[in-house]
Amino acid sequence: MNNRPHNTTTNTGIPTSSDEHSLTVGAGGPNLLQDGVLIEKLAHFVRERVPDRVYHVKGSGAFGYFEVTDDVTQWTKAAFLNKVGKRTPILARISTVAGEEGYPDTDRDVRGFAVKFYTEEGNYDMVGNNTPVFFVRDPMKFPDFIHSQERMPDSGLRDNNMQWDFWTGSPESAHQVTVLMSDRGTPRTLRHLHGFSSDTYMWQNAGGEKFWVKYHFRTEQGIQNMTDAEARAMKGEDLDYHRRDLWEAIGRQDYPAWRLEMQIMPYEDAAGYRFNPFDITKVWPHKDYPLIPVGRMVLNRNPENFFAQIVQAGFEVSNMVPGIGPSPDRMVLGRMFAYGDSQRYRTGPNYAQLPVNQPLGEVHNYNKDGPMRYHHNGNQPVYAPNSYGGPKADARRYRDAGWFVESAEIMRTAYEAHRDDDDFIQPGTLYRDVMTPIDREHLAGNIAWHLNQGVERFIQERAVNDYWAKVDPDLGARVAREIGLTAASR
């Protein structure tokens, strides 16, 4: 902080004479409309907020770097990954999904995990969560999912009944809800959680070979979680516990770090793989596609201004640099529109000109005008083609990443099922083979507590008999016992 005082000015730099007193007619008279300083101050004050994100509203973030630790050029031609030891500046934002800005950090929720890489080929935004899967697999259901987690239209209150109504009516959510209701749903800090792309993407190397990939940012601090009781107690102690912890850790130079490891699937494997590899409600078992080390992300610099650098940070799923592209994952394809459009709504069509969102290199295109435009192209042509030296695209160097699609009828339909595409197989495996006895006990208890918070009996019955008992009969029986139901036999 600069301790040397400066004279207060207006937004246009004109010195002002008082920070405390408005212009009035005498000491006891009315304020004057001609007080430009007061008018500016009040007008700016009531416009201090931009529209909130619709979800992932409350977040924390910091700056740092990503360093390549292993050679991955056999899989991607992305320039920021082309040399071991290469460092790229980054911004990371970690957020809750459902709660508003004032909501408690420790509430049970999925955490968004977004990283902006400021590469020499433009900004690359990797947007994911702290879970490897998600609640729905088609973007048509995404607004409905978010609505079910937010507030009732009549009371304005959040409502467990509508959450469970949506989840139990959407069996593909079972894997994600199993993770959410475990202690992973209440991480101890933002430093002690993993980050995942969750979605599947494409990597392409310099020779044109294509691969399907998933990103895993694995915390070097180790996974640490709160119990449900600890998380609920922290709500009354510190609503900003996670934000405070991240800020203070970086302030004392205890820099949090994550190792980036990738699952990489050969392009040809996708068609015959036992799970649909583009279904975000499924994981790729590590025994099939083990983690391959790529690099290391370190957060070592707090924002100088939280609003300017964290609230106004815009992440756009379609921001992919050469060597990285989308996949047939429907959630990726839907998010490629929705995320960028969200930023254009919140902070305007020129949101990428805000310092936190600016790329390192120059921007050359034919977009023009719009609110709050700062950078411009002077008298250069604003159309293409032109005869006056305007920028030209290069189809040979920067060919769009893509894949072959068989000739088929245009239709609205579910994914084509692969051999093991059952919505309850993977959460059942997670419960039986990955969770410890204590994890299973906590999971059942957390589910039961949540179901007992105003959920109607018929939805409780559906949750037990048509949801949790299908994940695992033991889990269904445990939940049923704790909420006073009889689980259906399976």
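Everything numeric in this text was worked out from a predicted model, so none of it was measured. (Residues numbered from 1 in each chain as written. Predicted model: local features only at pLDDT ≥ 70, side-chain atom pairs only at ≥ 80, totals over all residues. Heavy atoms only, no water.)

> I keep staring at the pattern of salt bridges and nothing clicks. Help me out?
One side chain can pair with another of opposite charge once the charged atoms of both are near each other. Within this structure, the stated rule accounts for 36 salt bridges. A salt bridge links R243 to E101; the nearest nitrogen and oxygen atoms lie 3.0 Å apart. Taken together, the residues R243 in helix α6 (residues 241-251) and E101 in the loop between β2 (87-96) and β3 (111-119) connect sequence positions 142 residues apart. For R243, a relative accessible area of 19% puts it in the buried group. (Salt bridge = Lys/Arg side-chain N within 4 Å of Asp/Glu carboxyl O. Helix = DSSP H or I, 4+ residues; strand = E, 2+ residues; numbered from the N terminus. Buried < 20%, exposed > 50% of the residue type's maximum accessible area, 1.4 Å probe, protein only.)

> Explain helix α5 (residues 228-235) to me, please; I cannot follow it from the model alone.
Structural remark: α-helix, 3.6 residues per turn; residues separated by three or four positions point the same way. Those residues of α5 that fall on the buried side of the exposure criterion are D228, A231 and M234. The arc that holds the buried residues of α5, viewed along the axis, is 130°, so those residues lie on one side. Contact partners of the buried residues in α5: α6 and α10 (437-451). (Arc of directions from axis to C-beta. Contact = heavy atoms within 4.5 Å.)

> Before we go on, may I ask you to explain the pairing of β3 in this structure?
Regular strands show a simple pattern: their side chains alternate between the two faces of the sheet. Buried residues dominate β3, accounting for nine of its nine residues. Residues R111, F113, V115, F117 and T119 point to one face of β3 and G112, A114, K116 and Y118 to the other, with burial holding for every one of them. Where β2 meets β3, seven bridges bridge the pair, whose relative direction is antiparallel. Directly across from L91, in β3, lies its bridge partner K116. As paired elements, β3 and strand β4 (residues 122-129) share eight bridges and run antiparallel to each other. Within β4, the position partnered with V115 by the bridge is M126. Hairpin connection of β3 to β4: two residues between the antiparallel strands. (Pairing = 2+ DSSP bridges.)

> It is not clear to me how the packing of helix α3 (residues 160-169) against helix α11 (residues 457-471) should be interpreted in this structure. Could you clarify?
For any two helices packed against each other, one specifies the inter-axial angle together with the distance between the axes. As a packed pair, α3 and α11 sit with axes 10 Å apart at the nearest point and diverge in direction by 30°. It follows that α3 is roughly parallel to α11 by the angle criterion. For the pair α3 and α11, the crossing hand works out as left-handed. Facing N161, W164, D165, W167, T168 and G169 of α3, the residues of α11 in contact are I459, R462, A463, Y467 and W468. When its residues are assigned to classes, the contact of α3 with α11 shows six nonpolar, three polar and two charged. (Axes fitted to C-alpha atoms, helices over the stretch in contact; angles between N-to-C directions. Parallel < 35°, antiparallel > 145°, perpendicular 65-115°, else oblique. Left-handed = near helix turned anticlockwise from the far one by under 90°. Nonpolar A, V, L, I, M, F, W, Y, C, P; charged D, E, K, R; others polar.)

> Looking at this structure, I do not really get the packing of α11 against helix α12 (residues 473-483). What am I missing?
Remark: α11 packs on α12, axes separated minimally by 6 Å, with the N-to-C direction vectors making an angle of 155°. In terms of orientation, α11 and α12 fall into the roughly antiparallel class. In this structure, α11 contributes R457, Q460, V464, W468, A469 and V471 to the contact, and α12 contributes P473, L475, G476, V479, A480 and I483.

> So what exactly am I meant to see when it comes to the environment of E409 here?
When you line up the elements, E409 lands in the loop between α8 (330-347) and α9 (425-434). A sequence separation of 255 residues divides E409 from D154, and the C-alpha atoms of the two residues are 42 Å apart.

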